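Coordinate inspection notes
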Amino acid sequence: MERERHDDTDRLRVSDREREEVVEVLGKAVTEGRITLDEYTERAGAAHASQTRGELARLTTDLPDHPGRSVQPVGGHAPAPEKLLAVFGSDVRKGAWAAPELIEARAVFGDCRIELHEAQLSARVTRIDADAIFGSVVIVVPEGTDVRLTGSAVFGDKKSKLTGPVTPGSPVIEVTCRAIFGDVTVRAPRKRWWS
């Protein structure tokens, strides 16, 4: 009887980074409704316990290679998005940072916070793809920013708390959201009491 041949991926050991990449894919699958929270919990636990690439690969075989909304390539190259993922936790991006053209935020029983009021925007139009499922995504922008908030909220809330008029020539922030028992909020930075 001929001995069964196995692919090398079944034997190669995985790194912590590879495990985290699979957990990120699973988190996106939850926000898209592809898997349930129970399935996520089970698969994420199995991902952290995986020792070989084969074990890890089997956890996502029924999911598309790139779950999520597709980004149209510009000039043959798709922009590299900034990704925030909070599952039963929080993920924050703040301070003076270079914000890319696309930001993806996924909050599942967690909180994502994107502060753009001190960020350097790389494009005239910055797109934010925000999903909040039993969680929240807060986007902080300077007052006067041209924010275009679209998407849906089911047993949740999507709102802009900006009150002033749009400043001519201000950057454009396009927020596409999906809130299910969660909240997506755009607001100005809070004023410091000592200023």
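Residues numbered from 1 in each chain as written. Predicted model: local features only at pLDDT ≥ 70, side-chain atom pairs only at ≥ 80, totals over all residues. Heavy atoms only, no water.

Right, let's get into the overall build of the protein. On a plain count of helices and strands, the protein comes out with three helices and 12 strands. The buried share among the 195 residues of the protein stands at 38%. Sequence-distant contacts, at least 24 apart, represent 65% of the contacts inside the protein between residues at least 6 apart. Carbon together with sulfur atoms contributes 50% to the accessible area of the protein, which is approximately 11,600 Å² in total. (Helix = DSSP H or I, 4+ residues; strand = E, 2+ residues; numbered from the N terminus. Buried < 20%, exposed > 50% of the residue type's maximum accessible area, 1.4 Å probe, protein only. Contact = heavy atoms within 4.5 Å. Areas by Shrake-Rupley, 256 points an atom, 1.4 Å probe, with all protein chains shown as cover.)

All right, on to the packing of aromatic side chains then. Evaluation of the coordinates by the stated rule reveals four aromatic pairs. Centroid distance Phe88 to Phe109: 5.0 Å. Interplanar angle 0°. Geometry classified as stacked. You can see Phe88 sitting in the loop between β1 (82-87) and β2 (90-93) and its partner Phe109 sitting in the loop between β4 (102-108) and β5 (111-115), a full 21 residues away along the chain. Residue classification places Phe88 among the exposed positions, given a relative accessible area of 56%. Ring plane angle 10° and centroid distance 5.0 Å describe the contact between Phe155 and Phe181, whose orientation is recorded as stacked. With a gap of 26 residues between them, Phe155 in the loop between β9 (146-154) and β10 (157-160) and Phe181 in the loop between β11 (172-180) and β12 (183-187) connect regions that are remote in the sequence. Judged by its relative accessible area of 66%, Phe155 falls in the exposed class. Cluster of aromatic residues (ring-pair linked, three or more members): Phe88, Phe109, Phe134, Phe155 and Phe181. (Phe/Tyr/Trp six-rings, centres within 6.5 Å; stacked < 30°, edge-to-face > 60°.)

Turning our attention to the packing of helix α1 (residues 16-31) against helix α2 (residues 37-49). Two elements in contact, α1 and α2, have axes whose closest approach is 9 Å; the angle formed by their N-to-C orientations is 175°. In this view, α1 runs roughly antiparallel relative to α2, as classed from their interaxial angle. Side by side, α1 and α2 meet where Arg19, Glu20, Val22, Val23, Leu26, Gly27 and Val30 of the first sit next to Leu37, Tyr40, Arg43, Ala44, Ala47 and His48 of the second. Taken together, the residues of the contact of α1 with α2 break down into eight nonpolar, two polar and three charged. (Axes fitted to C-alpha atoms, helices over the stretch in contact; angles between N-to-C directions. Parallel < 35°, antiparallel > 145°, perpendicular 65-115°, else oblique. Nonpolar A, V, L, I, M, F, W, Y, C, P; charged D, E, K, R; others polar.)

Of the residues in the protein, 86% have a pLDDT of 70 or more, and the chain-wide mean is 82. Looking at the elements of the protein, mean pLDDT is at its lowest for α1, recorded as 81, and at its highest for strand β8 (residues 136-140), recorded as 95. Below a pLDDT of 50 lies the segment residues 1-6, which in the model reaches one contact outside its immediate sequence neighbourhood of four places, other chains included. Under a pLDDT of 50 for its full length, residues 66-77 has, in the predicted model, 17 contacts with residues more than four places off or in other chains. (pLDDT = per-residue confidence, 0-100.)

Further remarks concern the sheet that holds strand β7 (residues 125-133). If you trace the five strands from one edge of the open sheet to the other, you get β1-β4-β7-β11-β9, paired in parallel fashion. This sheet does not close on itself; its edge strands, each paired only once, are β1 and β9. This sheet shows a mean twist of 10° between the axes of neighbouring strands, independent of strand direction. Running at roughly 75° to β4, α1 makes contact with β1, β4, β7 and β11 of the sheet. (Pairing = 2+ DSSP bridges.)

Our next topic: the side chain of Ser136. Tracing the backbone through its elements, the reader meets Ser136 in strand β8. Excluding its chain neighbours within four sequence positions, the residues that come into contact with Ser136 are Ala107, Gly110, Asp111, Cys112 and Asp183.

Once that is clear, we can look at the pairing of β8. When you tally the buried positions in β8, you get five out of five residues, the bulk of the element. The alternating pattern of β8 places Ser136, Val138 and Val140 and Val137 and Ile139 on opposite faces, both of which are buried. Taken together, the five bridges between β5 and β8 define a ladder with parallel strand orientation. Opposite Ile114, over in β8, you have Ile139 as the bridge partner. In the sheet, β8 pairs with β12 via five bridges, with the strands oriented parallel. Looking across to β12, one finds that Ile139 is bridged to Val186.

Below, the discussion takes up α1. Its 16 residues place the ends of α1 23 Å apart at the C-alpha level, agreeing with the 22 Å of an ideal helix rising 1.5 Å per residue. Where α1 is concerned, the buried positions are Glu18, Arg19, Val22, Val23, Leu26, Gly27, Lys28, Ala29, Val30 and Thr31. The elements touched by buried residues of α1 are α2, α3 (53-57), β1, β4, β7 and β11. Once α1 ends, the next one or two residues include Gly33, with phi positive near 80°. (Expected span 1.5 Å × (residues − 1).)

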